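Listed below, chain by chain, are the residues.
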Amino acid sequence: MSYKIIVDSCGELTEEMKASGRFETASLEIDVHGHHIIDDETFDQAEFLRLVAESPDSPKSSCPSPEHYMEGYRCEAEHVYAVTLSAELSGSYNSAILGKNLYHEEYGEKDIYVFNSRSASIGETLIAMKIVECEEQGMEFAQVVETVEAYIGEQHTYFVLETLDTLRKNGRLTGVKAVVATALNIKPVMGATPVGTILQLGQARGMKKALAKMVDEIMKDLKESKKKILAISHCNCRERAEYVKEMLVHKADFRDVVILDTAGISSMYAADGGVIVVV
């Protein structure tokens, strides 16, 4: 069966994915410091990060419209999948569902399924890779959906931020706590709940200790590592991503390791110098 995968622009696509012709990006849009930015090929990460740093307020993102998703579903592929940013963080999932409903009303029945990643960034990448794996094995549409949903349920997301500004601006950390933590060089170790919300797992003084603390948290949850892909995304800090990789591969064997630079709106979540791990 022919298939197509739409990933909203918070997800990263590898060069191999881009070249395959099976993927399409649904662009989110961001308003920051009086500027409206579309997360597409025109996205300027350096300028975006500068605007985010200068803005006293958190950037406001808007998801792709239902009509945008509907048009993405209108293709020759027999199976169409969408992978979105966590529904707890964005309206992208609901928009993709509405787009599916619009497609069925306008064009009739088709095998379309929307996956709520319950994650972000490279978490979406792994889900898209799992869809490809299932389709290439010749699974029926319903089996692909069941297998990938089970995979999402087993996925864990972790991250460490260089700066606390994003957490302060969006209200997840009080201004006083942010100032104190910044003065003491405290770095929070964050994770995602099973439903896709953000929680703090711990903290450490200094980035190196925080990354080591994150690795400890990952190892607490890690099961059957040989069957898993270790995925790491970073925002302009390849050396930190490699440092995390080396710590983890020293402690466990993985099926594969993928490291990607955050390219678009996921830069807002990672912030300059941040590292995200999904396994």
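Now for a quick tour of the structure. (Residues numbered from 1 in each chain as written. Predicted model: local features only at pLDDT ≥ 70, side-chain atom pairs only at ≥ 80, totals over all residues. Heavy atoms only, no water.)

**Some remarks on the overall build of the chain**
Logical step 1: What the chain contains, in helices and strands, is eleven helices and 13 strands.
Logical step 2: Computed over the C-alpha atoms, the radius of gyration of the chain is 19 Å, within 12% of the 19 Å expected from 2.2 N^0.38 for a compact globule of 279 residues.
Logical step 3: Its C-alpha atoms give the chain principal-axis dimensions of about 60 × 45 × 30 Å.
Logical step 4: Looking at the chain residue by residue over its 279 residues, the buried ones come to 52%.
Logical step 5: In the form shown here, the chain has an accessible surface area of approximately 12900 Å², with 49% of it arising from carbon and sulfur atoms. (Helix = DSSP H or I, 4+ residues; strand = E, 2+ residues; numbered from the N terminus. Rg over C-alpha atoms; globule rule 2.2 N^0.38 Å. Buried < 20%, exposed > 50% of the residue type's maximum accessible area, 1.4 Å probe, protein only. Areas by Shrake-Rupley, 256 points an atom, 1.4 Å probe, with all protein chains shown as cover.)

**Brief notes about the packing of aromatic side chains**
Logical step 1: Applying the stated criterion across every chain yields a total of six aromatic pairs.
Logical step 2: Put simply, the rings of Tyr81, Tyr113, Phe115 and Phe141 touch in pairs and so form one group of aromatic residues. (Phe/Tyr/Trp six-rings, centres within 6.5 Å; stacked < 30°, edge-to-face > 60°.)

**Digging into the sheet that holds strand 10 (residues 198-205)**
Hydrogen bonds along the backbone pair up the strands of a sheet, which may run parallel or antiparallel.
Logical step 1: The six strands lie next to each other as 10-9-8-13-11-12, forming an open sheet whose pairing is mixed. Each end of this open sheet is capped by a strand with a single partner; those strands are strand 10 and strand 12 (256-261). Strand-to-strand twist of the sheet, defined as the mean angle between neighbouring strand axes without regard to direction, takes the value 20 degrees.
Logical step 2: In the sheet, strand 11 (residues 229-234) pairs with strand 13 (residues 275-278) via four bridges, with the strands oriented antiparallel. Opposite alanine 231, over in strand 13, you have valine 278 as the bridge partner.
Logical step 3: Helix 5 (residues 122-136) rests against strand 11, strand 12 and strand 13 of the sheet, and its axis sits at about 145 degrees to strand 11.
Logical step 4: Along the sheet face, helix 10 (residues 238-251) touches strand 11, strand 12 and strand 13 and points at about 160 degrees away from the line of strand 11. (Pairing = 2+ DSSP bridges. Axes fitted to C-alpha atoms, helices over the stretch in contact; angles between N-to-C directions. Contact = heavy atoms within 4.5 Å.)

**Points about the packing of helix 3 (residues 66-73) against helix 4 (residues 92-107)**
Logical step 1: For the pair helix 3 and helix 4, the least separation of the axes is 7 Å and the interaxial angle reads 55 degrees. By the angle between their directions, the pair helix 3 and helix 4 is classed as oblique. For the crossing formed where helix 3 meets helix 4, the hand is right-handed. Contacts between helix 3 and helix 4 involve Pro66, Glu67, Tyr69, Met70, Glu71 and Tyr73 from the former and Ser92, Ser95, Ala96, Leu98, Gly99, Lys100, Leu102, Tyr103, Glu106 and Tyr107 from the latter.
Logical step 2: Looking at the contact of helix 3 with helix 4 residue by residue, the class counts come to nine nonpolar, three polar and four charged. (Parallel < 35°, antiparallel > 145°, perpendicular 65-115°, else oblique. Left-handed = near helix turned anticlockwise from the far one by under 90°. Nonpolar A, V, L, I, M, F, W, Y, C, P; charged D, E, K, R; others polar.)

**As for the nonpolar core**
Logical step 1: Counting residues in each nonpolar core, the largest one holds 31 residues, and the members touching the most others are Ile5, Tyr81, Phe115, Ile127, Ile131 and Val148.
Logical step 2: Every element with two or more residues in this core is listed here: strand 1 (3-8), strand 6 (79-84), helix 5, helix 6 (141-154), strand 11, strand 12 and strand 13.
Logical step 3: With 24 residues, the next largest nonpolar core counts Val215, Leu230, Ile232 and Met247 among its residues. (Core = buried A, V, L, I, M, F, W, Y, C linked by side-chain atoms within 4.5 Å.)

**What about the environment of lysine 4?**
Logical step 1: Take lysine 4: it is sitting in strand 1.
Logical step 2: What makes lysine 4 buried here is its relative accessible area of 13%.
Logical step 3: Taking C-alpha positions, lysine 4 is 32 Å from glutamate 242, a pair spaced 238 residues apart along the chain.
Logical step 4: Sequence-distant contacts of lysine 4, defined by excluding residues within four places in its chain, comprise Arg22, Glu24, Gly72, Cys75, Ala77, His79, Val80 and Tyr81.
Logical step 5: Among the polar contacts listed, one links the side chain of lysine 4 to the side chain of glutamate 24, at a separation of 2.7 Å. (Polar contact = N/O pair within 3.5 Å; in protein donor to acceptor, adjacent residues only side chain to side chain.)

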